[in-house]
Structures are given as C-alpha cells and as structure tokens.
Amino acid sequence: MSQLLIRGGSRLAGEVKIQGAKNSVLPILAATLLTGGQVELRGCPRLRDVDASIRILRALGCGVRWEGDSLLVDTTGLNGCTISDILMREMRSSAIFLGAILARCGQAELSYPGGCELGPRPIDLHLAGLRDLGAEIDDAGGTLHCKAPRLRGRELVLSLPSVGATENLMLAACGAEGTTVISNAAREPEIVDLQNFLNACGARVSGAGSTVVMVEGKRPLHGCTYQVMPDRIAAATYLCAAASAGGSIFLRDAREQHLATVTAVLREAGCTITADSAGIACACRDRLRAVRPVRTAPYPGFPTDAQAVLMAALLRSRGATVFEENIFENRYRHVDELTRMGGSIRVSGRVAVVTGVDQLYGAAVRCTDLRGGAALCVAALAAEGETRVSEIGHIDRGYEDIARDLRTLGADMIRTETEI
Ligand code: UD1
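Since this is a predicted model, take the numbers as computed values, not measurements.

On to the overall build of the protein chain. When helices and strands are tallied, the protein chain shows 14 helices and 26 strands. Relative to a compact globule of 420 residues, whose C-alpha radius of gyration would be 22 Å, the protein chain shows 21 Å and is just as compact. Within the protein chain, buried positions represent 57% of all 420 residues. The contacts in the protein chain between residues at least 6 apart in sequence include a share of 72% that link residues at least 24 apart. Of the accessible surface of the protein chain, which amounts to about 16,000 Å², a share of 46% is contributed by carbon and sulfur atoms. The average position of the 46 basic charges and that of the 47 acidic charges among the side chains of the protein chain differ by 2 Å.

Laid out in structure tokens, this is it:
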C-alpha cells in the first residue's frame, strides 16, 4: 500500500514546473472522439484520471500511446459507443464522454457516474441540455441509453453554471446542425482551453470564458497538436504549501490570471506574490494572518478545489478564518484528519471556522478525496515530526507526483510503496 511520509519543518525554496491541467485534459480527451483523426496532446499530465480516460478511448477502438509527455490519440478506428460500468466507475467525470460519443456516433450507452466522495454528483443539467438538442435518453436501471440520429442546435440555458454540463454540451453541439448558444455557461479557464482545442481541430466555438458560449455545429473536424494549459489547482496547492511551510518558491508556467482569488487571499494572509509570463513567485516569511471569509463560488470566484489546501495553510495563522463552501455538499471531509494533526476547525453545515494554533503535530492521516489529500500534505509540511498519509490513490487522480514536486522545493517527503 502506498503512503506518503512527510517530516515537517523544512522551509521551501526553489522552482518547480506546473503540470498540465487535469480538468482541461479530461474534456479534451473526450473531444478527441469528434475529430476522427490524430491528436497530439503536449504537456498531458500522467494521472490516474487520465489513465482512466485512456482505457475508455481504447475500449472504444481508439489508439492511444505516450511519447514523452505527449499523449498521441488516434480516433480514426472508433468502433463502439458503449462504455462499460467498470470503466465509468473509475472516474467521476466520465459523463463528459456522452456528448462527444453522441455527436460522433448518433448513439451512446453508458452507466450513471453515480455519487462521489464530495456528495451527490447529478448530471441532470447535462441530460436536459442533450435532450433539448434532440437526444432521446432513457435512464432506467442506472444505464443511460441515448439516441440522437439528428442533433439540432438551439439556445440552451443552464440553471447553474456547471463546468461539466457546459463542456458536454459544447461537445454535443459540435455534432448538431446549426448554431447552439449555451447561456449561463461556466466560465472556468478549462472551458476556454476546450474551446481552443476544438477550434484548433477546425470547430467554430466562441465566447468561452464569458457566460455565453456559441458553437457552430457540423463542421468537419481534423486532428491537431495542442499544448494543454497549466493546472491552476496544482499551482494553488504549491502556493499554499509555501504559505504553510514558509519559504520562497517559483512555480514555472503557473498563470496568475487563473488564480487571482487565491493569490489575493494569500497576499492578505501575508505572502508576497509576484507573477510574470514565466510563472508565479511566492515568498512567505512570517506566520500567516487570518483572512476575511473565503466563499467558494464558480469561476472567477474562489475555487472549491482550492478550499482544502488553503484551509490547511491557515491552520497555524494568527486569528480565525471563516470558510463557506457553496459548490459541493460534502467538502469538509479533510477536517477530521486536519484536526488529528492539531488543527482547530469547527464545521456547521456549509461553514467551517479555522482558528489558528501555535503548533501542528505529525500524525497518521488518511486521504478522504483528491484535494483533501493534498491538504494533508500542505499541513504536514508545517507540523512537528512525521506525518504518514495513507489512501493516496485519491491524490494520484490529480497530481503527477506531489512528493517529487514538493521534494524539488525542499520538503522532506517520500512516497513508500510498502506497508509500514
Ligand atoms: C468540475 C471539476 C471539479 C470542480 C468542479 C467545480 C472537472 C473534471 N472537475 O467538476 O474539479 O470541483 O468543476 O468547480 O472539471 N450540478 C448539478 N447538476 C448537474 C451538474 C452539476 O446539480 O447536472 C451541481 C453539482 O452537484 C455541484 C455544482 O453543480 O454542486 C457544480 O458542479 P460542476 O460545475 O458540474 O462540477 P464538475 O463539472 O462535476
């Protein structure tokens, strides 16, 4: 069983390169299905969720292979439109394949992705939008049987700006006749990256990054070479690591315009952050200060994916900080584990109050989910003694090698593959 062993107390120093974005590459991998050609994805991160997407693509008849940090996907041989239950359950965001398969094949069959460690993970907005485009979807018995001999573009209004629904509908709309307009679309940078990828393949998509995305359907798409954007949540994690441990680091390729709410909070807490086109530099010399309430919100608000790592960084701050989680119902599962390390956190519904303590202590802790697991590492860097983090498969879903990256920055951290 893999574990992470972290001995706290080392200040961080040095430079690390930020991996390609998980939340960008997953919809892009689904989008490769639309091309019927060969795609080279540069800077594709090697993650458990990417491996799960590769298995889905291969099961559908596509050729996929790594060449260095590029992933080569050849979707000319696509010969299926069914994703098995086992493959669907490997990854929460597998529903993103639905729009792409429907657009390319006119039918699709896959099981419901179900709930996850963050609480229920409904896809009702995805399905409603696909139905509006003309798909017939029968979801009896946990399997989605979808038929769309003909998709027709039209205006779709999302009742909330869901990232996954926006992406799924963008993919389906590429196969629809006429123009699709998605209103109240999510504005995340990963949606802009998906638009850029689709346009590089010959699609005509515009508006991503704003609340209205437009897709001209039925354009013939071809393969392309595409560089995946840097992962803003991995960057936020390492900024919080420096804030927690203290020190001075440089995150190569990180883009501050994607992280403005996170860097604003860290500056308020006392960190010095500067950025240019090469990356983001962060120096944290003194004990952090508590900050004004942190409320998670759709982009450009504070990202829910950075809530746990920021909370971990503030465990030893002076004063109390209020967190309000507004995106997922069950996103405080890391709190019990952080408390084991000496953190003082009180949760009431969607609100958590972190009161800074003088000292954290190494402990045996367990990852509860991807970002919650990263938060344990962030806290461990500032704890006295050794922290043993187990169930790190969650972390592997989204970080190429968190131990390698933090060690590059001077942390005393190793991954062990044997049970201790
Ligand atoms: C994406 C990200 C995830 C991030 C989240 C919010 C990927 C692969 N994952 O997830 O890391 O935490 O955005 O920034 O990009 N909802 C519904 N019905 C739907 C769809 C969503 O009620 O059909 C709700 C969800 O339960 C959740 C909220 O909308 O409460 C936001 O979800 P959404 O934006 O869809 O997140 P994901 O795309 O699943």
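With that settled, consider the sheet that holds strand β12 (residues 204-206). Adjacent strands of a sheet form backbone hydrogen bonds with each other and so pair up, either parallel or antiparallel. Judged by pairing direction, the sheet is mixed, and its four strands sit side by side in the order β10-β11-β13-β12 without closing on themselves. Each having just a single partner strand, β10 (155-157) and β12 make up the two edges of the open sheet. Put simply, the sheet's adjacent strands are angled 15° from each other on average, direction ignored. Direction of pairing for β10 relative to strand β11 (residues 179-183): parallel, over a ladder of three bridges. Within β11, the position partnered with Val-157 by the bridge is Ser-183.

This paragraph deals with the pairing of β11. The side chains of a regular strand alternate between both faces of the sheet. In this region the chain leaves β10, passes through helix α6 (residues 163-174) and returns to the parallel neighbour β11; the handedness of that crossover is right-handed. In terms of strand pairing, β11 meets strand β13 (residues 212-216) through five bridges, oriented antiparallel. Across the sheet, the residue bridging to Thr-180 is Val-215, located in β13.

The subject of this paragraph is the sheet that holds strand β17 (residues 279-284). Spatial ordering of the open sheet is given by β2-β15-β17-β16, a layout of four strands whose pairing is mixed. For this open sheet the edge positions go to β2 (12-17) and β16 (272-276), each flanked by a neighbour on one side alone. If you compare each strand with its neighbour and ignore which way they point, the axes differ by 10° on average. Where β2 meets strand β15 (residues 247-252), six bridges bridge the pair, whose relative direction is parallel. The partner of Val-16 across the bridge, within β15, is Leu-251. Most of the contacts of helix α8 (residues 232-245) go to β15, to which it runs at about 170°, and overall it touches β2, β15 and β17.

Turning next to helix α12 (residues 370-380). In terms of burial, α12 is largely enclosed, as eleven of its eleven residues are buried. Turning to α12, its buried residues number three or more, namely Leu-370, Arg-371, Gly-372, Gly-373, Ala-374, Ala-375, Leu-376, Cys-377, Val-378, Ala-379 and Ala-380. You can read the cap of α12 off the contacts: a side-chain oxygen lies 3.3 Å from the backbone nitrogen of Arg-371, and it is on Asp-369.

Here Gln-195 is to be found in helix α7 (residues 189-200). There is a polar contact of 3.4 Å between the side chain of Gln-195 and the backbone nitrogen of Gly-207. There is a polar contact of 2.9 Å between the side chain of Gln-195 and the backbone nitrogen of Ala-208.

This part covers the packing of helix α1 (residues 22-31) against α7. Geometrically, a packed helix pair is captured by the angle between its two axes and the distance between the axes. Where α1 contacts α7, the two axes come as close as 9 Å, and the packing angle between them is 30°. As for the relative orientation of α1 and α7, their crossing is right-handed in sense. Packed against α1, whose contacting residues are Asn-23, Ser-24, Pro-27, Ile-28 and Ala-31, the element α7 presents Glu-190, Asp-193, Leu-194, Phe-197 and Leu-198 at the interface. Counted by class, the contact of α1 with α7 contains six nonpolar, two polar and two charged residues.

Okay, the site of the ligand next. Taken together, 18 residues lie around the ligand, and Asp-124, Ser-162, Gly-164, Asp-305 and Ile-327 are the ones closest in. With respect to the ligand, the side chain of Asp-124 contributes an N or O atom lying 2.7 Å from a nitrogen atom. One of the backbone nitrogen or oxygen atoms of Ile-327 is found 2.5 Å away from an oxygen atom of the ligand. Taken by itself the ligand offers 730 Å² of open surface, and the protein chains cover 82% of this. Within the residue set of the shell around the ligand, elements represented by two or more residues are α5 (124-132) and α6.

Criteria and cut-off values
Residues numbered from 1 in each chain as written. Predicted model: local features only at pLDDT ≥ 70, side-chain atom pairs only at ≥ 80, totals over all residues. Heavy atoms only, no water. Helix = DSSP H or I, 4+ residues; strand = E, 2+ residues; numbered from the N terminus. Rg over C-alpha atoms; globule rule 2.2 N^0.38 Å. Buried < 20%, exposed > 50% of the residue type's maximum accessible area, 1.4 Å probe, protein only. Contact = heavy atoms within 4.5 Å. Areas by Shrake-Rupley, 256 points an atom, 1.4 Å probe, with all protein chains shown as cover. Lys, Arg positive; Asp, Glu negative; His and termini not counted. Charge placed at Lys NZ, Arg CZ, Asp CG, Glu CD. Pairing = 2+ DSSP bridges. Axes fitted to C-alpha atoms, helices over the stretch in contact; angles between N-to-C directions. Right-handed = clockwise from strand over helix to strand, strands pointing away. Polar contact = N/O pair within 3.5 Å; in protein donor to acceptor, adjacent residues only side chain to side chain. Left-handed = near helix turned anticlockwise from the far one by under 90°. Nonpolar A, V, L, I, M, F, W, Y, C, P; charged D, E, K, R; others polar. Near = heavy atom within 4 Å.

Keep in mind that these numbers describe shape and distance, not what the molecule does.
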